[in-house]
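Coordinate analysis (summary)
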Amino acid sequence: MPDKLLYEHVHAELKGRIAGGRYPVGQRLPSPADLCEEFSVSTITVKRALDMLAADGYVVRRPRRGTVVVSAEPEQRRGARGANGTIGAMDTAVWAGGAAGGGNGATLPLFGAVLTSFDDTFGGGILTSMLSETAARANLIVKMSFGDADAEEALIGELLAAGVAGLAFQPSSSESVPPALLGLLARRFPVVIIDRSFDGIPVSAVCSDNVAGGRAATEHLLDLGHRRIGLVTSASRVSTVQDRRNGYVRAHAARGVPHDDADEFHAVDSVTPGATTSPEQDLARLTEFVRSRPEITAYLASEHHIALLLRKACQAVARTVPGDVSIVCFDQAEALVDDSVFGFTHIAQAQHLMGTRVIEELFAQLADPGAVTKHALPTRLVPGASTAARH
């Protein structure tokens, strides 16, 4: 089976089990690790399959509970729900315990959100907080673009047709602005950008201080005695990745440590939403990169899934983590049950605060149309098992 179809196979199998009653409503699906073992696929493949199930409306990701079945039929068959890919009033109640769909729901403002994707590592905390903040205050429709720029334009149009009074938007790229979004800004429609920034565009945004996070991660490695530090990022063209690189470069400059652009690898594609490159293909390229630079003793990975691939690449060339190589990444899902999960030293983002700020900004713009506020939320370094002092 071609790699790009593996996640479709896992999605179809799990969907059949839900529809057939093997996983009834209210039951938690097997853990991603168990699904990886059962289907003999990578974590990324399982993540995509679960993202598709969530977009279809079969499941939601609940903090401390995992992936939970909320319906035995796809969303488009349920009249009380929105269009395909929507998390409407019913899911708001499931996630946040709110009353978005009943009582005085008709008098509440309706907000829309377009996200690229989300999982327990990043995005799930933002979405949970947004749903919690809108409970009893607003209705929230959530749509997933899976990184498709054309889909973003269409989804914004769908939300406007549904009558939303404000839009939260996580774009797939920081290099181009969807025309539909520019039209909204021109008429001072409430818009908040999530986890990204658009240079020169007057629009409110809520994101982490990624420059500071990248700098803190790199300085931690420098403090441990590492002087040749590599950088591994996705191929995504978003401000988040560039800001983390800027922090990495600034840390070298501030400490007077030489930095070589050749120590950077920016071609991990399988972690980006909608990618057709397989993790195995990325792993092969990343392994060759690590093999060709034995002088590098530490790496900054721009996200957790990249750190997982990077650790495998090090193992493939007989380099242990953290014995031979230290790794710091951004984000990691909290291991609440399985304490065998490898814990990376990582930069933790204030995801729940991010979701709260997004909803606060939408309400603020309803009261003051055209107001523009930029939030760069602080991050923190969380020590883990992936870093050690340089021998």
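Just above, that's the structure.
One structure accompanies this document, and this report is about it. (Residues numbered from 1 in each chain as written. Predicted model: local features only at pLDDT ≥ 70, side-chain atom pairs only at ≥ 80, totals over all residues. Heavy atoms only, no water.)

Examining the overall build of the chain
We count it as follows: The numbering of helices and of strands both runs from the N terminus, where a helix is a DSSP run of H or I of at least 4 residues and a strand a run of E of at least 2. Categorising residues by exposure relies on relative accessible area from a 1.4 Å probe, with only protein chains included: less than 20% of the type maximum marks a residue as buried, more than 50% marks it as exposed, and the intermediate range marks it as partly exposed. Residue contacts follow a heavy-atom distance rule, with two residues in contact if any of their heavy atoms lie within 4.5 Å. For the area figures, the Shrake-Rupley method with a 1.4 Å probe applies, and any residue is considered shielded solely by the protein chains shown.
Each helix and strand counted, the chain has 12 helices and 14 strands in total. Within the chain, the fraction of its 391 residues that count as buried is 52%. Taking contacts inside the chain between residues at least 6 apart in sequence as the whole, the part at least 24 apart equals 71%. Accessible area for the chain stands at about 16100 Å²; split by element, carbon and sulfur atoms hold 52% of it.

A short note on the side chain of His11
One can find His11 in helix 1 (residues 3-19). With relative accessibility at 7%, the residue His11 sits in the buried group. Excluding its chain neighbours within four sequence positions, the residues that come into contact with His11 are Ala49, Met52, Leu53 and Asp56.

Quick word on helix 8 (residues 210-223)
Quick note on the threshold: An expected span of 1.5 Å times one less than the residue number is assigned to each helix.
In this model, helix 8 (14 residues) spans 20 Å end to end at C-alpha, consistent with the 20 Å of a helix rising 1.5 Å per residue. Counting buried positions along helix 8 gives 10 out of 14 residues, so the element sits mostly inside the fold. All of the buried residues along helix 8 are Asn210, Val211, Gly213, Gly214, Ala217, Thr218, Glu219, His220, Leu221 and Leu222. Directly beyond the C-terminal end of helix 8, a positive phi value near 100° is found at Gly225.

Digging into the sheet that holds strand 9 (residues 264-268)
Going by this rule: Two strands qualify as a pair provided DSSP detects at least 2 bridges between them. Every angle, taken between N-to-C directions, lies between 0 and 180 degrees, and every axis is a line fitted to C-alpha atoms, over only the stretch in contact when it is a helix.
If you trace the six strands from one edge of the open sheet to the other, you get 9-8-10-11-12-14, paired in mixed fashion. Two strands lie at the open edges of the sheet, namely strand 9 and strand 14 (379-382), each paired on one side alone. Here the average twist between neighbouring strands, direction ignored, is 20°. As paired elements, strand 8 (residues 229-234) and strand 10 (residues 298-301) share four bridges and run parallel to each other. The partner of Gly230 across the bridge, within strand 10, is Tyr299. The strands touched by helix 8 are strand 8, strand 10, strand 11 (326-330), strand 12 (345-349) and strand 14; relative to strand 11, the strand with the most contacts, the crossing angle is about 165°.

Observations concerning the environment of Val177
Tracing the backbone shows Val177 in the loop between strand 5 (166-169) and helix 7 (179-186). On a C-alpha basis, the gap between Val177 and Ala149 in space is 9.5 Å, while along the polypeptide they are 28 residues apart. The contacts of Val177, once residues within four sequence positions are left out, are Leu182, Phe198 and Ile201.

Examining the nonpolar core
Test applied: Here, nonpolar core refers to any group of buried Ala, Val, Leu, Ile, Met, Phe, Trp, Tyr and Cys residues whose side-chain atoms link them within 4.5 Å.
With 41 residues, the main nonpolar core has Leu14, Leu53, Val59, Met130 and Ile194 as its most contacted residues. Those elements giving two or more residues to this core turn out to be helix 1, helix 2 (32-39), helix 3 (43-56), strand 3 (110-115), helix 5 (124-134), strand 4 (139-144), strand 6 (191-194) and helix 12 (351-367). Ranked by the residues each element gives to this core, the list is headed by helix 3, at six residues. The contact partners of Leu14, leaving out residues within four places of it in the chain, are Tyr23, Leu35, Phe39, Leu50 and Leu53. Core analysis: the next-biggest nonpolar cluster, separate from the first, contains 24 residues, Phe289, Val290, Val325 and Ile327 among them.

Considering the pattern of salt bridges
The test is simple: A side-chain nitrogen of Lys or Arg and a carboxyl oxygen of Asp or Glu constitute a salt bridge if their distance falls within 4 Å.
Using the criterion set out here, one finds 16 salt bridges in the structure. As a salt-bridge pair, Asp51 and Lys47 come within 3.2 Å of each other at their nearest N and O atoms. With Asp51 and Lys47 both in helix 3 and four residues apart, this pair spans about one turn of that helix. Residue Asp51 is classed as buried on the basis of its relative accessible area of 5%.

Looking at the environment of Met144
Tracing the chain through its elements places Met144 in strand 4. For Met144 and Phe118, which are 26 residues apart along the polypeptide, the C-alpha to C-alpha distance reads 8.9 Å.

Considerations on the sheet that holds strand 3
Sheet architecture is open: six strands sit in the order 4-3-5-6-7-13, paired in parallel fashion. Whereas interior strands pair on both sides, the edge strands pair on one side only; in this sheet they are strand 4 and strand 13 (374-377). Averaged over all neighbouring strand pairs, the angle between strand axes comes to 15°, with direction disregarded. Looking at chain direction, strand 6 and strand 7 (residues 204-208) are connected through three bridges and run parallel. Residue pairing for strand 7: Val192 is matched across the bridge by Ser204. Where helix 7 meets the sheet, its contacts fall on strand 5 and strand 6, and the angle it forms with strand 6 comes to roughly 135°.

A short note on helix 6 (residues 149-161)
The criterion, for reference: When we speak of the arc, we mean the arc of directions from the helix axis to the C-beta atoms. Here a polar contact is recorded for every N or O atom pair within 3.5 Å, except that within protein the pair must consist of a potential hydrogen donor and a potential acceptor, and residues adjacent in sequence are included only if both atoms are side-chain atoms.
Over its 13 residues, helix 6 extends 19 Å from the first C-alpha to the last, a length consistent with the 18 Å expected when each residue adds 1.5 Å. Among all positions in helix 6, only Glu152, Leu155, Ile156 and Leu159 are buried. For helix 6, the arc enclosing every buried residue in end-on projection is 105°, short of the 170-degree limit, so these residues lie on one face. Among the exposed residues of helix 6, those pointing more than 90 degrees away from its buried face are Asp150 and Ala161. Packing partners of the buried residues in helix 6 comprise strand 3, strand 4, strand 5 and helix 7. One side-chain oxygen of the residue at the start of helix 6 lies 2.9 Å from the amide nitrogen of Asp150, identifying that residue as Asp148. Of the residues flanking the end of helix 6, it is Gly163, one or two places downstream, whose phi is positive at about 90°.

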